[in-house]
Structure formats: structure tokens, C-alpha cells
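Structure at a glance
Chain residues, written in single-letter form:
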Amino acid sequence: MTSVTTPKRTPVDLEHDTPIVEFRNVSIAFDDNKVLQNITFCVKRGETRIILGPAGVGKSVLMKLANGLMLPDSGEILIFAKSLGHMTEAEIYEMRAHVGMVFQESALFDSLDVEDNVAYRLNEEHVDPTETHDRVVEVLQFVELEKAIDKFPSELSGGMRRRVSIARAIINKPDLILYDSPTGGLDPITSTTIVELVVKQRDVTHTTSLLITHRLQDAFTLATHRYDPATGHMAKIPDNGIDDSTKFLVLHEGKVVFDGTTDELVHSEDPWLREYIS
Amino acid sequence: MNFFSPEAYAKRTVASVQEYSLLSGRAVANIFSGKRYAADIWTQMDSIGVGSLPIVVLTGFFTGCVLALQAAVSLKEFGAVGMTGRLVALSMVKELGPVLTGLMVSGRNASGMASEIGSMKVSEQIDAMRALGTDPIRKLVTPRIIATVTMLFFLTIISDACGTAGGALVSVVLLRLNGSTFFHTAYMSLQHGDIVGGLVKPLLSGFIIATIGCYYGMTTKGGTQGVGRATTQAVVVSSVLIILGDFLVTQLMIGIFGR
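Residues numbered from 1 in each chain as written. Chains lettered and ligands numbered in written order. Predicted model: local features only at pLDDT ≥ 70, side-chain atom pairs only at ≥ 80, totals over all residues.

What follows covers the overall build of chain B. What chain B contains, in helices and strands, is eight helices and zero strands. For chain B, the N- to C-terminal ordering of α and β elements is α-α-α-α-α-α-α-α. Each of the three principal axes of chain B carries a C-alpha extent, and together these read 65 × 50 × 35 Å. (Helix = DSSP H or I, 4+ residues; strand = E, 2+ residues; numbered from the N terminus.)

Given below as C-alpha cells:
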């Protein structure tokens, strides 16, 4: 088993039960198109929140709102118990130092090789080059991609790019990870590899995370599997068990239609929800 | 059916000017505060300055050559062919050097900036940069402004020199004029105000090229087609603004120096 033991920046100091992410009546519209309406939910420390919903429902917008890449028209977003609306630009950049984000299309810097992509944050912080290299190798081992360290993004497959993106997001052990459709556009086998990495990250570091997916299969794999350190792979939780830290948020037509546990989701009586998950 | 709405067009235009002004203002403010990306500035200086050298040298040189040929034909009618050097030097230093260099660098670099930053925008690399805690204006725009303004200043001087040299070559080799007379009249005709005016223009042009190129790059929408559109718009708008800026600076210089 390979574990990430990279030194971590000072973690955000919060009371244990304080939500890491909290949306309060958040709405946003583009021209006349109301994308999100009165979104309210919170994500507690160590929780993995899977965001489901049909394409175009505003899941990626929600993710960008959570990282301060967009600001809502109304409502309040609290990250680490601080309102984004009350933060200065400098404070938002400081907040992002505690957040890792995996983009839908990986968003790797195409003029930088894998090492420089993964080390980007450390290079910006002027970390010693030797230490940076060691940390990059370590985190690439975590995503099982250490052999690609010298390659450029154009030389990588979609799945490899996604793994580099995950490595870049976790290199400084963030307190919150935002996965924007990490399995989107990938074949089922590669998707499973990525889901395994997410499970591994969840179970090894217990980092709070938000994950968007269109694939219900991936969502339920996350809820029903755990990382097995002995084999180095994920395995189904015995006795049809469910991971307690994994919860769901389902969006439909810009609104939250479900916010709860896996068990509550599968036993929901809501007709639309039943049809959606069937 | 959607009709053209003058109101919507006016709102869009005002919003664009506001957005451009905010971007430029923040990029300039970054020069005086916070983190500086020295390596990016040097890289851009190399790309914009050294990379543009061949086209600037060739354009300046042949403009000087043509100017000497054309000037000699007209001046001959008045028996003033000996004033060719004066005409070439004044035209190059005051107008053609700064404007042509600006337009050449605009064609090469405003397009390059718009397409590079535009590609980063549509592939979410700008968002990724922000998500990784880097201000893209500080990292991408500010170094390009510093590099373009600095390098365009020196490129204009090189262009002026090459133009004058081209004019001298044509005058001596083709028109059989005296070389020392050419340079003497050229040197004597140039006054302090001409030099200042000719060197203020590239500072403004450099700022226009970098900010317009970056603005269109940062506001690119619509995938690869959007990148192409941003590139074209960046070149067109920066070229027009360079000519407009040239007119305004010339007016200002005439007001200050009287010529």
C-alpha cells in the first residue's frame, strides 16, 4: 500500500461539529435562466457528499460556488464557517489553499509536464525543489502514475489526466476536496479506477469532499465500498454495509430534491427520485 | 424572430468597456503590490521582444528604403533631393517607426495572447489556476503588460534605426546621394520633441496590445470557435486603438512641443 505522508499545511481549526461547507438559500441565474434556486445543505467534517442530478441542472455551478470561483446572486455560502460573501479576494485565495479541486475535463496546464502540474501549488509557494519533487513522487505513487512524471498532458489518456488532476488536488492534503465529475467521459473500467482512488482518499485521509457524478453506479460504489489497506484495493463492505460518511444531495430543475443518507435515498417514496435512481 | 436591439448592444458595449477597465486597472495595480512573477516577465520579454525582432527589423528597414525612394522622387522636383535624410528620419522617428512597430507587434502578439489565454479559459485552466490559489491577472496579464511596454519601447528604437539605415542605403546606392549629407540632415532635423513623441507612442501601444490581447483571451467563450473569434477581435481592436492612440499622442505632442 502506498500512503500519502506529505506534510500538511495548518489545518483549518474548527469545532468538530461545525460544517465544512454550508449553503444557505443560494440562488444564481445566468440572464433569465435560473440555474440554482434556494439551495440549502451542509457538509460535515469527514463527510463525502455525492451530488447527483440530470445534466445541466447546475451541479458544476454549485461546485464553482463552493470554491468561490463564482458568487451567488442571493444567499450565503460558508466554507470553513466563513462566509464567502464577506471575504476579500485575498481571503478567498487564502481559503482556496485549503481546498483541492478536480475539474470535469481535468484542466491540466498543457504547457507544463506532469511533475510541474502536480507541483504547481508548491512551486507557487516556493517550496524547496527537492522537497517538492519528493512530494510529487509520493502523491503520484498514490494515484499509481509515478512513471508518467515527465510526460505532458497531451501524451496522457483521459483516465491518466484525471488521476494527475487528483494528485494535483491532494498534494498539500487539503481540508476539502471538490470532485467535479471525476469519472465523466471515461470508460467503465477507468471510471472504476478513479472511484477507487476517491474511496482510497476518503478512507485513508478522511478528507471532507463533494463529488459530482452522472453515473449512479459510481455513486453507489462509493457508498457501498471501502478501501482495504491489506490488498491495496477497494472492497465491498460486508453484509451489504453502507459507508456512514457518504451522503447524497440530488438536484432537479435547480432545486434540492433530496438531502440524506444512502439508505434514505434508496427508500425514498418520491416518484421522480425513484424513477431517477432506478 | 430576434431583432437587433440598440439598447442591448449599448449595454453590452458599456459592460465590455467596464470589464476591460477593471482588468487593466487590476493588472496595473498588481505591478506595485504583492507577489511578482519575474520569471514570467522574462519569458514574455523573450517571446514578445526577441521573437518580434525579425519582423520589426525587416519592416523598419524596408519602410525606410521605400520612404527614401518616394521622397527622392518628390523632392527632386523642388531641387531638394538633399533633404531626403531629413524626411526619412522625421517620418521614421515620429510616425512610421512607432506605428508600424506597434501594428506588427499587435498582429503577432495580441493574437498570441488572446489565443493562448483564450485556450486556457475554454479548457478551464484559468479556473484551475484560481482554484490553486493563483490570481490569473497577476500571473498572466501583469507580466505581459510589463514585457510588452518595455520591449515595444526598444523595438521602436531598433525600427527607427533600421528605417534610417534603409533610407541611407537606398539614398547612397540607388539615388547616388552623399551618405554623410543624408545622416547630417537627418541628425539636424530631429529635435527633442520628435524623439519624446516617438518614444511615448510605443509605451501606449504596448499597453494597448497587452491589455486588449489579454482582455479578449480572458473573456473567451464558446470553445475553439470562440478562441478564433477572440484572436481576430484582439488584433482588429488593438490595431485600431494603436492608430487612435497615435493620433491623440501626436495632438498632445504638438500641443506641448509645437511640432
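Next comes the rest of the description.
This brings us to the sheet that holds strand 5 (residues 82–83) of chain A. Residues and elements named next belong to chain A. Reading across from one edge, 2-1-4-5 is the order of the four strands in this open sheet, with antiparallel pairing throughout. Sheet topology places strand 2 (33–43) and strand 5 at the edges, where each strand pairs with a single neighbour. Across five bridges, strand 1 (residues 21–30) lies against strand 4 (residues 74–79) in antiparallel orientation. Pairing of Phe23 across the sheet is with Ile77, part of strand 4. (Pairing = 2+ DSSP bridges.)

Attention shifts here to unusual backbone geometry. Negative phi is the rule for most residues except glycine; trans is the rule for most peptide bonds. All names here are of chain A. Of note, the phi angle at His206 is positive, near 55°, even though the residue is not glycine. You can see His206 is positioned in the loop between helix 7 (188–205) and strand 8 (208–212). Given 13 C-beta atoms within 10 Å, His206 falls into the partly exposed group. (Buried ≥ 20, exposed ≤ 12 C-beta atoms within 10 Å, placed from the backbone.)

Residue and element names in this part refer to chain A. Examined bridge by bridge, strand 9 (residues 225–228) and strand 10 (residues 233–236) share four bridges and lie antiparallel to one another. Paired with His225 across the strands is Lys236, a residue of strand 10. Linking two consecutive strands that pair antiparallel, namely strand 9 and strand 10, is a turn of four residues; a positive phi of about 80° is found at Gly232 within it.

Moving on, we get to the interface of chain B and chain A. Taken together, the contact pairs 11 residues of chain B with 13 residues of chain A. Taken together, the residues of the side of chain B that touches chain A sort by class into three nonpolar, four polar and four charged. (Contact = placed C-beta atoms within 7 Å. Nonpolar A, V, L, I, M, F, W, Y, C, P; charged D, E, K, R; others polar.)

In this section: the packing of helix 3 (residues 84–122) of chain B against helix 8 (residues 223–257) of chain B. Residues and elements named next belong to chain B. Two elements in contact, helix 3 and helix 8, have axes whose closest approach is 8 Å; the angle formed by their N-to-C orientations is 150°. The angle between helix 3 and helix 8 falls in the class roughly antiparallel. In this structure, helix 3 meets helix 8 at a crossing whose hand is right-handed. (Axes fitted to C-alpha atoms, helices over the stretch in contact; angles between N-to-C directions. Parallel < 35°, antiparallel > 145°, perpendicular 65-115°, else oblique. Left-handed = near helix turned anticlockwise from the far one by under 90°.)

What follows concerns the sheet that holds strand 3 (residues 48–52) of chain A. All names here are of chain A. With mixed pairing, the six strands of this open sheet are ordered in space as 6-7-8-3-11-12. Across the chains shown, the open sheet's two edge strands, defined by having one partner strand only, are strand 6 (99–102) and strand 12 (255–261). When strand polarity is set aside, the average angle formed by the axes of neighbouring strands in this sheet is 15°. Pairing analysis gives four bridges linking strand 7 (residues 176–179) to strand 8, with the strands arranged parallel. Note on strand 8: the bridge partner recorded for Leu176 is Thr208. Sitting on the sheet, helix 1 (residues 59–66) touches strand 3, strand 7, strand 8 and strand 11 (246–252), and the angle it makes with strand 8 is about 155°.

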